Amino acid sequence: MTDIFRVVAPSNIAFLKYWGKKDPVLQWPANDSLSMSLNQLSTRTSAFVHDADDHIFQFQGEALPRDHASFSKVFKHLDSLAGSFGFPEKLSLSSSNSFPTGAGIASSASGLAALTIAAIACWTGSSTFFELEAKGFSREHLAHLARLGSGSAGRSLFGGYVQWQAGSHADKQKILPLYAAAHWTLHDTVVLFSHSEKSKSSTAAHGDAWSSLLFRPRIAGAPERMNAILKALDERKMAELGPLLETEALEMHAVMLTTRPPQYYLTDESVEFLAAFRRARQEVCFEAYFTIDAGPNIHIIHEASASSALTSWLQEHYPTLQLLHDRVGEGPWLERGLN
Ligand code: 2P0
């Protein structure tokens, strides 16, 4: 029997997006970002120490090689963590997502967050976050380690509403839980337009952001938008938050569309959906607003009071599209058991 460390880490949906880096090696983002950690959309990862020459990583039951196109980040991250702290043991890890991978739901966020927690808990023999902290791995420390694996993963170390501050230097970055989930129960209804892998990974596309003429003005305007989002969040005002979410998502996609080479994450179908959705908001009178990540799927953010009218409209007009219903969540979870 060996000890096994099981982790569930949430995906997160950014209200103010992380897009573009000042330094890709130090994972220093071009601007502050803010996200809501989700509840159901998550990655479940377990880890135990095994006596072998290399780590084993299984995803949805399949053992993946080190050079796997979509998962090379996993081995790179494990090597980097083991090297930084001198952990000699090789790990056997098993991971699965509760949602389709590579379709614009941040699988690298929940995936690298779960991987970081599971690996460090396993190497240090920690059963709880409290024990991890006592061994020098506070939640914020883990968030920064996860960020090195994938930027958005740092925000998945906390529940509720989380801010990643870029700071004046790469080593002045901060990842902070601003409000617990109970502050405001926002929902995220995800409209799935694609289950397939993205054409270009976010990591590769971040580097192109600087080639868009719209990027520098976007970065310059980000602090003002952050303040407005923080105010709306603080006051729990959907009518103020919603338009900011939509402008922010469209602006990020405007940057993506104007880089060299341009990135078309949205499909014709999802663009048409946005226009129909905005019309319906007026005509059907539901208070719900969209945001979009680096993919074609549309996240609709709303309070519980809008759920029924929104879902009825979606089911009537888009009966064939798959919906995922989620809401703000409490953050990652860790337990120790026997294998
Ligand atoms: C975000 N995204 O803030 C934004 C919005 C996608 C669109 O963070 O290179 O996969 O691993 O740091 O974290 C996706 O970027 O990039 C992302 P890396 P990551 O959620």
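Preceding block: the structure.
Remember, it's a predicted structure, so these values are computed and weren't measured experimentally. (Residues numbered from 1 in each chain as written. Predicted model: local features only at pLDDT ≥ 70, side-chain atom pairs only at ≥ 80, totals over all residues. Heavy atoms only, no water.)

Let's shift gears to the site of the ligand. The immediate surroundings of the ligand are formed by 18 residues, with Tyr18, Lys21, Ser150, Gly151 and Ser152 found nearest. Taking His206, its side chain carries an N or O atom lying 3.0 Å from an oxygen atom of the ligand. Taking 470 Å² as the accessible area of the ligand by itself, protein coverage stands at 96%. Counting residues per element, the shell around the ligand draws most heavily on helix 5 (residues 202-206), at 3 residues. Class assignment for the residues of the shell around the ligand results in 5 nonpolar, 8 polar and 5 charged. No fewer than three residues from each of domain 1 (3-183 + 331-338) and domain 2 (187-327) sit in the shell around the ligand. (Near = heavy atom within 4 Å. Polar contact = N/O pair within 3.5 Å; in protein donor to acceptor, adjacent residues only side chain to side chain. Areas by Shrake-Rupley, 256 points an atom, 1.4 Å probe, with all protein chains shown as cover. Helix = DSSP H or I, 4+ residues; strand = E, 2+ residues; numbered from the N terminus. Nonpolar A, V, L, I, M, F, W, Y, C, P; charged D, E, K, R; others polar. Domains from an automatic or database assignment.)

Another point: the environment of Glu287. By secondary structure assignment, the location of Glu287 is in the loop between helix 8 (268-284) and strand 11 (288-292). Separated by 167 residues in sequence, Glu287 and Ile120 have C-alpha atoms that sit 42 Å apart. Those residues in contact with Glu287 that sit more than four places away from it in its chain are Met238, Ala239, His302 and Ala306. For Glu287, the side chain forms a polar contact with the main-chain nitrogen of Ala239, separated by 3.4 Å. (Contact = heavy atoms within 4.5 Å.)

A few words now on the packing of aromatic side chains. For the structure shown, the criterion picks out 20 aromatic pairs. Taking the centre distance of 5.0 Å and the plane angle of 75 degrees together, the rings of Phe85 and Phe137 count as edge-to-face. Taken together, the residues Phe85 in helix 1 (residues 72-85) and Phe137 in the loop between helix 3 (129-134) and helix 4 (139-149) connect sequence positions 52 residues apart. Phe85 sits in the partly exposed class, given a relative accessible area of 32%. Taking 5.9 Å as the distance between ring centres and 55 degrees as the angle between the ring planes, the aromatic pair formed by Phe273 and Trp313 counts as tilted. Of this pair, Phe273 sits in helix 8 while Trp313 sits in helix 9 (residues 307-317), and the two are 40 residues apart along the sequence. (Phe/Tyr/Trp six-rings, centres within 6.5 Å; stacked < 30°, edge-to-face > 60°. Buried < 20%, exposed > 50% of the residue type's maximum accessible area, 1.4 Å probe, protein only.)

Further remarks concern the pairing of strand 10 (residues 187-192). Within strand 10, 6 of the 6 residues are buried, which leaves it mostly tucked inside the rest of the structure. Burial of the side chains of strand 10 extends over both faces: His187, Thr189 and Val191 are buried on one face and Asp188, Val190 and Leu192 on the other. Both strand 10 and strand 12 (residues 298-302) contribute to a ladder of 5 bridges, which runs antiparallel. Counted as the bridge partner of Asp188 is Ile301 from strand 12. Here strand 10 pairs with strand 13 (residues 322-327) via 6 bridges, running antiparallel. Bridging across to strand 13, Val191 finds its partner in Leu323. (Pairing = 2+ DSSP bridges.)

Within the open sheet, the 4 strands sit side by side as 11-12-10-13. Their pairing is antiparallel. Each end of this open sheet is capped by a strand with a single partner; those strands are strand 11 and strand 13. Averaged over all adjacent pairs, the angle separating strand axes in this sheet is 25 degrees, with direction ignored. (Axes fitted to C-alpha atoms, helices over the stretch in contact; angles between N-to-C directions.)

All told, the structure shown has 15 salt bridges when counted by the stated rule. Among the salt bridges present, the one from Lys135 reaches Glu131, with a minimum N-O distance of 3.3 Å. Looking at Glu131, the relative accessible area reads 26%, which means it is partly exposed. Lys231 is the partner of Glu235 in a salt bridge, and the nearest nitrogen-oxygen pair spans 3.5 Å. On the criterion of helical spacing, the pair formed by Glu235 and Lys231 is a turn pair, its members being 4 residues apart in helix 6 (residues 215-235). Each of the salt bridges in this network shares a partner with another, and the network as a whole consists of Arg218, Arg225, Glu248 and Glu251. (Salt bridge = Lys/Arg side-chain N within 4 Å of Asp/Glu carboxyl O.)

Counting 42 residues, the largest nonpolar core has Phe57, Leu78, Ile120, Trp123, Leu132, Leu142 and Leu157 as its most contacted members. For this core, the secondary-structure elements that each account for two or more residues are strand 1 (3-16), strand 5 (56-59), helix 1, strand 7 (90-97), helix 2 (107-124), helix 3, helix 4 and strand 8 (161-165). Ranked by the residues each element gives to this core, the list is headed by helix 2, at 11 residues. Ignoring anything within four residues of it in the chain, the contact list for Leu132 reads Ile117, Ile120, Ala121, Thr124, Ser126, Phe137, Ser138, Leu142 and Leu334. Grouped together as the second largest cluster of nonpolar side chains are 28 residues, Phe99, Ile105, Leu186 and Leu324 included. (Core = buried A, V, L, I, M, F, W, Y, C linked by side-chain atoms within 4.5 Å.)

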